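Next come the chains, spelled out residue by residue.
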Amino acid sequence: MVDALKRNPRFTGRPGPLVLAIMDGVGYGAYLEGDAVAAAFTPTFDWLHQACPHTELKAHGTAVGLPSDDDMGNSEVGHNAIGAGRVFDQGAKLVNRAIETGEMFAGQAWRELVENCRARGSTLHFIGLFSDGNVHSHIGHLKAMIERAAAVEKLPRVRIHTLLDGRDVGETSALEYVDPFEAFLAELNRTHGVDYRIASGGGRMFITMDRYQADWKMVRRGWDTHVHGAAAPQDCFPGARAAIEEFRRRKPGVKDQDLPAFVITENGAPVGPVRDGDSVIFFNFRGDRAIEISLAFERPDSAFPHFDRAPRPAVTYAGMMMYDGDLKVPARYLVPPPAIDRTLGQYLCASKIRSMAISETQKYGHVTYFFNGNRSGKIDAQLESYVEIPSDRVPFEQRPWMQAAEITDRVLEAIADGHARFIRLNFANGDMVGHTGNYQAARMAVETVDLCLGRLRQAVEAAGGILLVTADHGNADDMYEHDKRGGVKMENGRPKVKTAHSLNPVPCLLFDPGFRGEYAPRLKSGLGIASLAATCIELLGFVPPGDYVPSVLNWS
């Protein structure tokens, strides 16, 4: 529980609503070539820069609770920071510390997983995103756990189920991870006399890692692949490298994230299906794409209507972290998640401020669950309205406009009816289309968002409100790989595509048509996106909590 916010005697807010528009994946690019934001036709974005107070905000690294400033931001930690108003250590940093100090291996969950395998002579399985992107997972965490299993726990058999990335790392970089990892396993097998192997895999956007229940078929494909070791004969291979090379031959230009599922076999049988009595670790630390596969492992048949899991093995299951604190998913986890408290949403509810959160399915959880400090339900159902616009189920480069217009339609209705005093929305276009690597589509995505911002601007002005435009991280602003001198890297005569987030700062643009000099027209610089919570509180006419990151406003 939190106390109501104190009124600001110097500023009582505006008669209309405060609209926080989060342009997911739209930053300020460092290079002109490959910057789909700079290349797009954005008259509203340009006008806001020319006519309104604005600044840049940091949205990666330590500003959002990640281990270092070499770590790109992402939508989850970004919305955590925006909604929390403070910076909390996030998944990667917490897992790093738990491994370095040994807390993970001394913890009850790890001990239960290991003792289960030891008592039954069973297999320890690892499932997760196989890269060092450090957004959902890190291969270093996987290797540390495997080394512990071999050298200290003396577990004779481990199987790894690889979800290939190509999204937070290079789009066709899978073999850069598979080959060294196979060598790592070979050395462990030779040194410790164990049997550790890759057992299955596939692209992260084809199997297992669905989110927000957008496509349970993805999870079922992952279940059949990892758990049952089931695949068509042509999708069975002697090793992961052979699978990746063959899929690339069959589908020229395919990205790692879209690679089909494969199963590793030996003498005609899968080398690592999950059996009764096994232990399973899902080693992603980020929650959104880990919840559904966790439910598949943990929920009884009576509470799992999504697909037939039979035969469902009885296993000891754990996630790297707790992925949903309200649903308590999973029940067993290796590292406690960040304990985010006293969020902006909690303070607004305590202050009886009506609010609305809206996005399409792909980012709905970000303006609700992550914005509220990893809390699933509403804080106060009487004061909050959550709206989910269903996302298209097609590749995003084919529909770069996504559901931005539909989101805007609903927000305009909310502005007109005056029910909500605070409206937060997420336009997913810059991020989801940016991840496809399609530069033309990314430009169209940014232009779509700009068109919607223009509509919001008119409605906010008519209602006497305020529009605060920002982003959670960059992406569409950095669509090409660059060398250390800033030149574009080339591949097969074309710019080498980048699908990962950027390290670039993001906008903070303040459109306040009722401005009469209550605060200085120049915004503060050098802040991160966690400053947005205090900014929103001040624009609503309240005083932020003393330990919140200061707002961008300079009070005259």
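Let me begin by describing the structure that accompanies this report.

Definitions and cut-offs
- Residues numbered from 1 in each chain as written.
- Predicted model: local features only at pLDDT ≥ 70, side-chain atom pairs only at ≥ 80, totals over all residues.
- Heavy atoms only, no water.
- Helix = DSSP H or I, 4+ residues; strand = E, 2+ residues; numbered from the N terminus.
- Rg over C-alpha atoms; globule rule 2.2 N^0.38 Å.
- Buried < 20%, exposed > 50% of the residue type's maximum accessible area, 1.4 Å probe, protein only.
- Contact = heavy atoms within 4.5 Å.
- Areas by Shrake-Rupley, 256 points an atom, 1.4 Å probe, with all protein chains shown as cover.
- Pairing = 2+ DSSP bridges.
- Axes fitted to C-alpha atoms, helices over the stretch in contact; angles between N-to-C directions.
- Right-handed = clockwise from strand over helix to strand, strands pointing away.
- Expected span 1.5 Å × (residues − 1).
- Arc of directions from axis to C-beta.
- Phe/Tyr/Trp six-rings, centres within 6.5 Å; stacked < 30°, edge-to-face > 60°.
- Lys NZ or Arg CZ within 6 Å of the ring centre and 35° of its normal.
- Core = buried A, V, L, I, M, F, W, Y, C linked by side-chain atoms within 4.5 Å.

Considerations on the overall build of the protein
- Within the protein, the regular secondary structure consists of 17 helices and 20 strands.
- A compact globule built from 556 residues should have a C-alpha radius of gyration of about 24 Å, and the protein, at 24 Å, falls within 12% of that.
- Dimensions of the protein, computed from C-alpha atoms along their principal axes, come out at roughly 75 × 55 × 40 Å.
- Scored against the burial criterion, the 556 residues of the protein give a buried share of 60%.
- In the protein, of all internal contacts separated by at least 6 residues, the share reaching a separation of at least 24 is 79%.
- In the structure as shown, the protein presents an accessible area of about 20900 Å², 49% of it carried by carbon and sulfur atoms.

Considerations on the sheet that holds strand E19 (residues 506-511)
- What the seven strands build is an open sheet, ordered E3-E19-E16-E2-E15-E13-E14; its pairing is mixed. The strands lining the two open edges of the sheet, one partner per strand, are strand E3 (54-57) and strand E14 (384-389). Within the sheet, the average angular offset between the axes of one strand and its neighbour, ignoring direction, is 15°.
- Pairing between strand E2 (residues 18-23) and strand E16 (residues 466-470): five bridges, direction parallel. Residue pairing across strands places Leu 18 opposite Ile 466, the latter belonging to E16.
- Against the sheet, helix H16 (residues 439-463) touches E2, strand E15 (422-427), E16 and E19, its axis set at about 160° to E16.

Thoughts on the pairing of strand E13 (residues 355-360)
- Most of E13 is tucked away: six of the six residues are buried.
- Residue alternation in E13 divides its side chains into two sets, Ser 355, Ala 357 and Ser 359 and Met 356, Ile 358 and Glu 360, and both sets are buried.
- Bridge count between E13 and E14: six bridges; the pairing is parallel. Looking across to E14, one finds that Ala 357 is bridged to Tyr 386.
- Each parallel crossover has a hand, and the one from E13 via helix H13 (residues 361-370) to E14 is right-handed.
- Pairing between E13 and E15: four bridges, direction parallel. Note on E15: the bridge partner recorded for Ile 358 is Leu 425.

Some words on helix H11 (residues 291-298)
- Among the eight residues that make up H11, seven are buried, leaving the element largely enclosed by the rest of the structure.
- The complete set of buried residues in H11 reads Ile 291, Glu 292, Ile 293, Ser 294, Leu 295, Ala 296 and Phe 297.
- Packed against the buried residues of H11 are strand E4 (124-129), helix H9 (216-227), strand E10 (279-282) and strand E11 (316-321).

Some details on helix H14 (residues 404-417)
- Helix length check: H14 (14 residues) gives 20 Å between terminal C-alpha atoms against 20 Å at 1.5 Å per residue, within 8%.
- Burial in H14 covers these residues: Ala 404, Ile 407, Thr 408, Val 411, Ala 414 and Ile 415. Viewed end-on, H14 has its buried residues packed into an arc of 120°, placing them on one side of the element. Along H14, the residues that are exposed and aim more than 90 degrees away from the buried face are Ala 416 and Asp 417.
- The positive-phi residue at the C-terminal boundary of H14 is Gly 418, with phi of around 70°.

A word on the packing of aromatic side chains
- This model, assessed by the stated rule, comprises 20 aromatic pairs.
- The interplanar angle of 80° and the centroid separation of 5.8 Å between the aromatic rings of Tyr 519 and Trp 555 together place this pair among those described as edge-to-face. A residue pair is termed long-range when its members are at least 10 positions apart, and Tyr 519 in the loop between E19 and helix H17 (531-539) and Trp 555 in the segment after strand E20 (542-543) qualify at 36 residues.
- Classification of Tyr 519 by relative accessible area gives buried; the value is 2%.
- These aromatic residues form a ring-pair network of at least three members: Trp 216, Trp 223, Phe 297, Phe 304, Phe 307 and Tyr 317.
- Here the basic side chain of Lys 378 rests over the ring of Tyr 386, its NZ or CZ set 5.4 Å away from the ring centre.

Here we look at the nonpolar core
- Grouped together as the largest cluster of nonpolar side chains are 81 residues, with contacts concentrated most on Met 104, Ile 146, Phe 181, Tyr 196, Met 320 and Leu 334.
- A total of eight residues in this core trace back to one element, the largest contributor, which is helix H8 (residues 174-192).
- Sequence-distant contacts of Leu 334, defined by excluding residues within four places in its chain, comprise Met 104, Ala 109, Trp 110, Leu 113, Met 145, Ile 281, Gly 319 and Met 320.
- If you look at the next biggest cluster of nonpolar residues, it comprises 47 residues, including Phe 45, Met 356, Val 449 and Leu 456.

Details of unusual backbone geometry
- With an omega of -10°, the peptide bond running from Ala 310 to Pro 311 counts as cis.
- Tracing the backbone through its elements, the reader meets Pro 311 in the loop between H11 and E11.
- For the bond running from Val 329 to Pro 330, omega is -5°, close enough to zero to count as cis.
- With respect to the helices and strands, the residue Pro 330 is situated in the loop between E11 and strand E12 (333-335).
- Located in the positive-phi region is Asn 134, a residue other than glycine, with phi close to 65°.
- In this fold, Asn 134 is placed in the loop between E4 and helix H7 (139-151).
- If you check the backbone angles, Met 402 has positive phi at about 45° while not being a glycine.
- With respect to the secondary-structure elements, Met 402 resides in the loop between E14 and H14.

Coordinates in, geometry out; function isn't part of it.
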